[in-house]
Amino acid sequence: MGGLPAGRVEPTEHDYALWEKRVDALMVLLGGQGRGVITVDELRRGIEQLGAEAYEAMSYYERWIASMTNTLLAKGIITSDELGRRMAEVGKRGEGAG
Amino acid sequence: MAARFAAGDRVAVRRAFPPGHIRTPWYARGAAGEVERICGAFGNPEELAFGRRDAPKQTLYRVRFAQTALWPDYDGPPGDTIDIELYEHWLEPATE
Amino acid sequence: MATHDHHGHDHAPPPDEDGPLTYYQTMEIAVRELLIEKGIFGADDVRRAIETMDARDHAAGAEVVAHAWTDPDFREALLADGTGACARLGIDIGPTRLIAVENTAAVHNVIVCTLCSCYPRNLLGLPPDWYKSRAYRSRVVREPRAVLREFGTAIPDDVTVRVHDSTADMRYIVVPRRPAGTEGWARERLAALVTRDSLIGVTVPKNP
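Keep in mind it's a predicted model, so treat the numbers as computed, not measured. Per chain, residue numbering runs from 1 following the sequence as it is written. To label them, take the chains in the order written and letter them from A, then take the ligands in the order written and number them from 1. The predicted nature of this model means local features are confined to residues of pLDDT at least 70 and side-chain atom pairs, given and counted, to a pLDDT of 80 or more, with totals for whole chains, interfaces and linings taken over all residues. Heavy atoms from the whole structure form the basis of all side-chain values; hydrogens and water molecules are not counted.

A.B. asks: Describe the overall build of chain A, and please don't skip the residues or the numbers.
C.D. replies: Helix and strand definitions follow DSSP, with helices as H or I runs of at least four residues and strands as E runs of at least two, each counted in order from the N terminus. When helices and strands are counted, chain A shows five helices and one strand. With respect to the three principal axes, the spread of C-alpha positions in chain A is 45 × 30 × 25 Å. Here chain A holds 98 residues, and the buried ones make up 49% of them. Residues count as neighbours in contact if any of their non-hydrogen atoms are within 4.5 Å of one another. Sequence-distant contacts, at least 24 apart, represent 52% of the contacts inside chain A between residues at least 6 apart. With an accessible surface of roughly 4,400 Å², chain A has 53% of that area assigned to carbon and sulfur atoms. Positive charge is attributed to Lys and Arg, negative charge to Asp and Glu, and no charge count is given to His or to the chain ends. The location of each charge is read from NZ of Lys, CZ of Arg, CG of Asp or CD of Glu. Taking the average place of the 12 positive charges on the side chains of chain A and the average place of its 15 negative ones, the gap between the two points comes to 6 Å. Burial classes: relative accessible area under 20% of the type maximum marks a residue as buried, over 50% as exposed, and values in between as partly exposed (1.4 Å probe, protein chains only). Note on areas: these come from Shrake-Rupley sampling with a 1.4 Å probe, and a residue is covered only by the protein chains present in the view.

So this is what it looks like as structure tokens:
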């Protein structure tokens with residue numbers, strides 16, 4: 001985005017939520033030298049492929065988990081079926097995000 | 001691996017727009033600057049973006065650009081600069 | 001990442017701690033559970049990675065700068081090889097390499113990643129939201145002096161502004177100028193003047 005028109009830099013920040021740190025931790029673990037399941041550049045490419053509108057519609061770590069999940073699906077490390085079933089089950093548990 | 005350019009060499013960034021995951025900023029494409037240092041050989045992000053960890057490494061450079069070379073309407077002194085990390089296959093000798 | 005130099009910044013509370021899970025929060029839990037069940041990593045690995053993250057803030061960066069201010073040999077080593085100099089202090093920079101850029105009477109440095117959000121997290125912790133924002137990433141390369149003014153940092157025209165775009169495998173830390181009136185100070189006291197934002201280069205250290 002270097003050089004594109006944009007507004008004033010608002011000095012915003014927030015204390016990261018636990019679920020955001022967990023997304024970050026997953027990438028640290030998946031990208032680690034030993035495991036090497038997803039490269040940092042695969043993460044970045046996956047974020048770019050979410051499209052320009054995702055930058056506005058999704059938060060930073062939402063884009064990360066979406067990109068990581070797509071890559072895990074593409075590599076066959078997890079399948080759509082098991083992920084869909086697990087997400088439905090997680091939703092039924094009624095937990096908070098922690 | 002032998003580096004094609006040395007610190008102090010004038011280089012130009014290729015004005016190219018390939019698909020894929022590219023880590024050459026748009027604003028630097030086509031611009032000329034000076035090699036500030038050689039960083040070493042690193043995995044090529046264009047290959048790593050598709051999970052190919054064993055692709056040949058590329059020499060990475062830091063190239064210093066005058067702000068006025070990047071933005072003709074730059075609002076600041078002519079000495080201001082941007083340093084950008086660029087992989088060797090994006091650079092060619094500057095012709096100017 | 002809790003309380004430190006947020007001086008003039010809005011600190012919003014962590015988002016989405018309560019209430020029903022969002023779609024992507026649900027996705028994170030499901031993906032994490034599946035990866036643990038498949039033996040890609042353990043639940044302990046996730047916990048340890050978060051503990052490591054929580055233990056990091058800009059204190060490490062401030063310590064590095066305080067050393068550079070008080071030990072000329074260290075300063076020289078840091079500017080020649082940031083990664084190696086940090087290792088001498090027991091600080092591991094991780095898989096990327098560190099370049100330290102020094103502010104002087106003639107040069108002011110500022111760091112950005114225009115392509116994503118590359119940041120020296122082993123020295124500064126996780127980046128603040130503004131560092132990842134469209135506004136900062138778009139503008140600091142094109143009008144750095146205006147952006148610095150928005151942070152309250154006015155750079156005179158006889159001082160060169162050098163922007164460093166972290167596009168690849170290098171990470172950067174700014175070594176700010178040591179404030180006047182700190183002669184003879186101990187390192188710990190000096191380190192307390194070094195704010196996170198001064199290590200990114202958008203501000204200068206606190207005055208004594």
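A.B. asks: Can you break down the side chain of histidine 67 of chain C residue by residue, with the values?
C.D. replies: All names here are of chain C. Tracing the backbone shows histidine 67 in helix α3 (residues 59-70). With a relative accessible area of 14%, histidine 67 lands in the buried category. Ignoring sequence-local partners within four residues, the contact set of histidine 67 consists of Phe74, Leu89 and Arg187.

A.B. asks: Outline the interface of chain A and chain C, supporting the account with residue identities and numerical values.
C.D. replies: Interface size is often expressed as the accessible area that is lost when the parts come together. Counting residues at the interface gives 56 residues for chain A and 64 residues for chain C. Here's the idea: put two parts together, see how much 1.4 Å probe accessible area each one loses, and the total over both is what we call buried area. Interface area for chain A against chain C, summed over the two sides, is near 5,600 Å², with a carbon-plus-sulfur share of 61%. Its largest share of buried area at the contact with chain C, chain A owes to Val9, Glu13 and Tyr16 of chain A, together 14% of the area lost on that side. Salt bridges, as used here, are contacts in which a Lys or Arg side-chain nitrogen is within 4 Å of a carboxyl oxygen on Asp or Glu. Counting across the chain A and chain C interface gives nine salt bridges. Of the charged contacts, one joins arginine 121 of chain C and aspartate 24 of chain A as a salt bridge, the two residues approaching to 2.6 Å between their closest N and O atoms. Whenever a nitrogen or oxygen atom comes within 3.5 Å of another N or O atom, the pair is scored as a polar contact, on the condition that within protein one atom can donate a hydrogen and the other can accept it, and that pairs from neighbouring residues in sequence are kept only if both atoms are in side chains. Scanning the region where chain A abuts chain C turns up 24 residue pairs in polar contact (both at pLDDT 80 or more). Mapped by element, the contributors of at least two residues to the side of chain A that touches chain C are β1 (12-14), α1 (18-31), α3 (52-57), α4 (60-74) and α5 (80-93) of chain A. Considering every element that reaches the side of chain A that touches chain C, the biggest residue donor is α1 of chain A, with 12 residues. As a working rule, the residues Ala, Val, Leu, Ile, Met, Phe, Trp, Tyr, Cys and Pro are called nonpolar, Asp, Glu, Lys and Arg charged, and the rest polar, with Gly in that last group. Of the residues belonging to the side of chain A that touches chain C, the class tally is 30 nonpolar, 10 polar and 16 charged.

A.B. asks: So what about the pattern of salt bridges? Which residues, and what values?
C.D. replies: If the charged atoms of two oppositely charged side chains come close together, the side chains can form a pair. Residue and element names in this part refer to chain C. Counted by the stated rule, this structure contains 31 salt bridges over all chains. When the shortest N-O distance is used, the salt bridge between aspartate 45 and arginine 48 registers 3.0 Å. Here the residue aspartate 45 and the residue arginine 48 both occupy positions in helix α2 (residues 43-55), the gap between them amounting to three residues, near one helical turn.

A.B. asks: Give a detailed account of the interface of chain B and chain C, specifying residues and quantitative values.
C.D. replies: Each partner contributes to the interface: chain B provides 24 residues, whereas chain C provides 25 residues. Carbon and sulfur atoms supply 46% of the area that chain B and chain C bury against each other, a total of about 2,100 Å² over both sides. Contact with chain C buries area across many residues of chain B, yet Arg23, Phe42 and Glu85 of chain B alone supply 26% of it, more than any other trio. On the surface where chain B and chain C come into contact, there are two salt bridges. Of the charged contacts in the structure, one is a salt bridge between arginine 145 of chain C and aspartate 80 of chain B, with a shortest N-O distance of 2.7 Å. The interface formed by chain B and chain C contains 21 residue pairs in polar contact (both at pLDDT 80 or more). Of all the secondary structure elements, the ones that give two or more residues to the side of chain B that touches chain C are β2 (32-42), β3 (58-66) and β4 (81-87) of chain B. At six residues, β4 of chain B tops the list of elements feeding residues into the side of chain B that touches chain C. Per-class residue counts for the side of chain B that touches chain C are 11 nonpolar, four polar and nine charged. In this sheet, strand β4 (residues 160-165) of chain C lies alongside β4 of chain B in parallel orientation, the contact comprising four bridges. Pairing of isoleucine 82 of chain B across the sheet is with valine 163 of chain C, part of β4 of chain C. If DSSP finds at least two bridges between two strands, the strands pair.

What is shown is where atoms sit, not what they do.
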